[in-house]
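Overview (structure and organization)
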Amino acid sequence: MAIASRSTLVVHGRLAMREGRLAAARDGRHGLQVMSFEQAAVRLAGGFARPIDDESLRVAIQAALPATPMGELESIKSLPGMIDAAADTLYKAWRAGIDLAARAADHPRLDAIARLEAAVLAQLPAGMMRPVDIVAGATARIAHAPAVLGPVEIAGLTELSPCWRPLLKALTAHIPVQWTARSRSVPAWLETTGVNVSRSSAEAPEISAVSAATAYHEAIEAMRWARSLLASGRAAPSDIAIATASPADYDDHFLALRADANIDLHFVHGVRAVTTREGQAAAALADIVVRGLSQSRLRRLAALCRDTGPFGALPDGWLRVLPTDAPLSTPGAWNRLLAKLKPEDWPDGADHAPALRAAIDLLAKGPDAAPEIGEAFLKSRTLAIWRKALLAGPASSIDATLETLKQDDGLEACVSVAWMPASALAASPRRFVRLIGLNSSRWPRGIAEDRLIPDHIIPTAVLDPLPVSLADRRDFDTILATTGGEIVLSRSRRDSDGRLLGRSPLLAGHREEIYLRRNAVPVHAFSETDRLMARPQEFATDLQAVSAQSCWRDWRRPEITAHDGLIRADHPLVLAILGRTQSASSLRRLLRNPLSFVWVYAFGWREPQSSAEPLVLDALDVGDLVHMVLDRALRDLEAAVGLASADANTIEAAVARAAQAVAADWESERPLPPGVIWARTLDDARLMAGRALSYGDDHLPSTRSYGEVPFGGSEPKSEAQLPWDPGAPVTIPDAGFNIAGYIDRLDISGDGGRALVRDYKTGRAPRADIRLNGGRELQRCLYAFAVKALLGDDVAISASLLYPRELVDLQLDDPEAVLAEVTGYLRAARTSLVGGAALPGPDTGGDYDDLAFALPANASATYCKRKLPAATERFGQVAQIWEAE
């Protein structure tokens, strides 16, 4: 069998290498090796020689920087971005063939960079060489070029870095070297090297220019164009390319559109690591390492690393032991939570608190322990991403570093539509090309001087002889000359903020362009969503569209419709929720917002709770805080001398102790505002609690006071003594409702003949006395009835609302008459809801409607005003309570 002769094809970029190898395999070209010029030089140098790869260079810079004196750069060498800047500068100097050590005396900055280069080279393995060292080694063994390389063909290149040019010239004396330029430009320096240059005439593609509204619109039009080529059969996926000078500006757009279009769109330059599940897991851990531990961050990490590291030892469902609304943002909060956990709190009944504590302690170590934390919590590809990020930058900014990391998207480039940088397309042309982003300052990009060696130290033209601006122009010209079928030149008219963008100077020869409207009907849709939006007649027949359109129209009609809450009479779900034990708040919701009553108690809808730290506590949280301080202080006083016998100093001391204890619990279980605001909030809570307990009304003889008294089946909040059985049912006569809840404060005289029911309100007092306040205030009436039902009819009951902020006490006159009035309203509300009227009420869409987000936009100003008259008519007697004083 004949032995295939060896030959070498030199190309640029991963895509060109893949396509070169595929073409060689299809043509049966045995013995052909496809590589970059750098790889060919390393192969010729032999031994254990290898180039300095990016990751190894960053590792070496990271190790060398702290111990290397950097002169005037000393103050910035530990900042984020320094490793990237140093690597960029060294690469430029090496590619340009600049001897930094020889020029160290020219400037202190060059002396510092030369010292860093020496320290970096000392850190690298012995076989890892700079380009100048690889060229020296290859030149010494150039006599072996015929056997190692064979005939060399250089294809797809328009330039070669200065550091490789001496080796290229030396090779021509030993082996045939051909520069296959075809229709590409040929650098002038190549004429003196003895390299055989192969040229051909330029292609004559069909060229058109278009302008889109924005960069996102450009991406959409590009996907439509690719889909039309595939659907028409004019092109195979491997014939289609979409390119721009800087793909990062469009990557997110194409990533989203690729999923919607279901097209294999290969990202030649890779996708951002954080767009993958593994990258998100690394980002979740970075969020904790950089910003500190909190419950929301831990939940995100646990969801992405469920079975790895310390989480693997915890049982399924272990996150249920964490209180959902607690931020847990301090070590003290975690310690208090872990100390309270018992084995029965865990899903499997075993005690996993030590394992969770070990995980929390490790995560709390912060950036200094980033390598240890990553090794403990991550594995496989996620761990590889974490390690790479630590090499690319300091641990204190690892979250920002992760944003810049790229990885392969897993698609085969040679059989997919390709999205790529223009440089890759220039090296590996395709028949159908769409160039996007042809705006001024975007293509070609501007020339910027080096971050560490500015132009006045080494001229930019010397340090970077192949600047990006010239490369962009050269790539554009190359693409026009090598594309055989069709080229579409695209630009955006405005940026994402609406500012006008100029045309690229590269479009000077293409003045005529097609104006693409953002809302125009596409000639060919790229996805089902795009197709339905382009065909209103087809979309109108879709069941979802029919339902949505019907809902929209019903919302805009003044009549009450099924989309406003009309349901069939005697609905079993409605009967079920009305049969449950109610509270004062649920009955208020029934009377003033029946639609929300069904949403909350039938559907189980709740306002999304955030564990993020608030700037201030809202009114409900302030009320909870004051009530908790009052309850604890009252229990403390009753356990000692009793509230009736306590003086002002005793009450003040009890409130202070209660506030301290409540604050500790609150910090463990609920979101906290900033420290200064939290301290002020606690001061206000202490002040209101002290005023409430010291309020100067007459105490009943031998009074016994109770706080947060449960009734009707509510669970006691403490082990304090209660005046009745909390499980005893309380039924509103003639209304059909059982009620339950907690009475803020109950004072009972020593002889049991009198009782005072008090409800605390931390807001501002109303200007006039109120009874029902339009159905908003039911507590006094319902709680007074509950006390009479549980203590007996012979007990004299008085009920009041106390506003400790202003020391206003509103007594309820004749509770029994008010109860009879409320009973009539509740009976009517029950009948209305059973009859199918789950409609909007006066509280629907208001400031305190926690489900207003489920209503049409701006509902309080539009939808609710439009529907309320018809709803009021349908409610009948129920609506009368809205006018009650």
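These figures come from a predicted structure and were not determined experimentally. The numbering scheme is per chain: residues are counted from 1 as the chain's sequence reads. Predicted model: local features are reported for residues with pLDDT of at least 70 only, side-chain atom pairs are reported and counted for 80 or more only, and whole-chain, interface and lining totals are derived from all residues. Only hydrogens and water are set aside when side-chain values are computed; all heavy atoms of the structure are taken into account.

When its secondary structure is counted, the protein chain shows 32 helices and 23 strands. Compactness check: the protein chain gives a C-alpha radius of gyration of 38 Å against a globular reference of 29 Å for 885 residues, more than 25% above the reference. Taken along the three principal axes of its C-alpha coordinates, the protein chain extends 120 × 65 × 55 Å. Looking at the protein chain as a whole, 49% of its 885 residues qualify as buried. A run of H or I in DSSP counts as a helix once it spans at least four residues, and a run of E counts as a strand once it spans at least two, with each numbered from the N terminus. Only C-alpha atoms enter the radius of gyration; for comparison, a globular chain is expected to reach 2.2 Å times N to the power 0.38, where N is the number of residues. Think of it in three bands: with a 1.4 Å probe and only protein chains considered, a residue is buried below 20% of the maximum accessible area for its type, exposed above 50%, and partly exposed in between.

The subject of this paragraph is a nonpolar patch on the surface. Side chains of Leu573, Phe603 and Trp605 sit close together on the surface and give an oily, nonpolar patch of about 280 Å² of accessible area. With respect to the helices and strands, Leu573 occurs in helix H24 (residues 572-578). Take Leu573: its relative accessible area is 33%, and that puts it in the partly exposed class. Here the term patch refers to residues with relative accessible area over 30% and no salt bridge, with like charges joined within 9 Å and nonpolar side chains (Val, Leu, Ile, Met, Phe, Trp, Tyr) within 5 Å. In short, Shrake-Rupley with a 1.4 Å probe defines the accessible areas, and a residue's cover is counted only from the protein chains shown. A carboxyl oxygen of Asp or Glu within 4 Å of a side-chain nitrogen of Lys or Arg is what we treat as a salt bridge.

Quick look at a negative patch on the surface now. Just so you know, the count uses Lys and Arg for positive and Asp and Glu for negative, and it drops His and the chain ends. To locate a charge, the coordinates of NZ of Lys, CZ of Arg, CG of Asp or CD of Glu are taken. A surface patch of negative charge is lined by Asp769, Asp793, Asp794, Asp813, Asp814, Glu816 and Glu885. By the element assignment, Asp769 lies in the loop between strand E21 (754-760) and helix H30 (779-791).

Before going further, it helps to examine the nonpolar core. Within the largest apolar cluster, 57 residues are counted, with the highest numbers of intra-cluster contacts made by Leu587, Ile732, Ile743, Leu746 and Leu782. In this text, buried Ala, Val, Leu, Ile, Met, Phe, Trp, Tyr and Cys residues form a nonpolar core when linked through side-chain atoms within 4.5 Å. Counting 48 residues, the second-largest nonpolar core is a separate cluster that includes Phe311, Ala326, Ile373 and Leu383.

Looking now at the pairing of strand E13 (residues 417-421). With respect to burial, E13 is a largely interior element, 5 of its 5 residues being buried. As paired elements, strand E9 (residues 240-244) and E13 share 4 bridges and run parallel to each other. By the bridge assignment, Ala241 is partnered in E13 with Ala418. Here, any two strands with at least 2 DSSP bridges between them count as paired. Relative to E13, strand E10 (residues 265-267) runs parallel, the two sharing 3 bridges. In the strand pairing of E13, His266 is matched with Ala418.

Spatially, E2-E1-E5-E6-E7 is the arrangement adopted by the 5 strands of the open sheet, whose pairing is parallel. Whereas interior strands pair on both sides, the edge strands pair on one side only; in this sheet they are strand E2 (32-35) and strand E7 (196-199). Averaged over all neighbouring strand pairs, the angle between strand axes comes to 20 degrees, with direction disregarded. When strand E6 (residues 177-182) meets E7, the two strands line up parallel, connected through 4 bridges. Counterpart to Gln178 in the pairing with E7 is Asn196. Contacts: residue pairs with any heavy atoms within 4.5 Å of one another. Angles here are taken between N-to-C directions and fall from 0 to 180 degrees, while the axes themselves are lines fitted to C-alpha atoms, restricted in helices to the stretch in contact. Sheet strands in contact with helix H2 (residues 37-45) are strand E1 (7-10), E2 and strand E5 (152-155), and its direction is about 120 degrees off that of E2.

Another point: the sheet that holds strand E17 (residues 704-711). Taken in spatial order, the 5 strands line up as E17-E20-E21-E22-E23 in an open sheet, and their pairing is mixed. Across the chains shown, the open sheet's two edge strands, defined by having one partner strand only, are E17 and strand E23 (808-811). Shown here is a sheet whose adjacent strand axes are inclined to one another by a mean of 30 degrees, direction ignored. As paired elements, strand E22 (residues 796-803) and E23 share 4 bridges and run antiparallel to each other.

Over its 13 residues, helix H23 (residues 543-555) extends 18 Å from the first C-alpha to the last, a length consistent with the 18 Å expected when each residue adds 1.5 Å. Considered for burial, the residues of H23 that qualify are Ala545, Cys551 and Asp554. Those residues of H23 hidden inside the fold are in contact with helix H22 (536-540) and helix H32 (863-875). In protein, a polar contact requires one atom able to donate a hydrogen and another able to accept it; more generally it is a pair of N or O atoms within 3.5 Å, and residues adjacent in sequence count only if both atoms are side-chain atoms. The distance from a side-chain oxygen at the start of H23 to the backbone nitrogen of Gln544 is 3.0 Å, and the residue carrying that oxygen is Asp542. Given the number of residues in a helix, its expected span is that number minus one, multiplied by 1.5 Å.

With that settled, consider the packing of aromatic side chains. Ring geometry is summarised as follows: Phe, Tyr and Trp rings, the Trp one being its six-membered ring, pair when their centres sit within 6.5 Å, and such pairs are stacked at plane angles under 30 degrees, edge-to-face over 60 and tilted between the two. Scanning the model with the defined rule gives 15 aromatic pairs in all. Connected via pairs of aromatic rings, a cluster forms that spans Tyr250, Phe254 and Trp419.

One can describe the packing of helix H3 (residues 54-64) onto helix H16 (residues 380-392) by two numbers: an axis separation of 8 Å at closest approach and a directional angle of 55 degrees. The orientation of H3 relative to H16 falls into the category oblique. Facing Glu55, Arg58, Val59 and Gln62 of H3, the residues of H16 in contact are Lys388, Leu390, Leu391 and Ala392. Gly is put with the polar residues, along with every residue not named as nonpolar or charged; the nonpolar set is Ala, Val, Leu, Ile, Met, Phe, Trp, Tyr, Cys and Pro, and the charged set is Asp, Glu, Lys and Arg. Classifying every residue of the contact of H3 with H16 by side-chain character gives 4 nonpolar, 1 polar and 3 charged. If an angle is under 35 degrees, it is roughly parallel; if it is over 145, roughly antiparallel; if it lies from 65 to 115, roughly perpendicular; otherwise it is oblique.

What follows deals with helix H14 (residues 353-363). When H14 is considered as a whole, its buried residues turn out to be Ala353, Leu356, Ala359, Ile360, Leu362 and Leu363. On its buried face, H14 sits against helix H11 (277-291), helix H12 (295-304), helix H13 (331-340) and helix H15 (370-377).

Remember that the coordinates give geometry; whether it matters functionally is a separate question.
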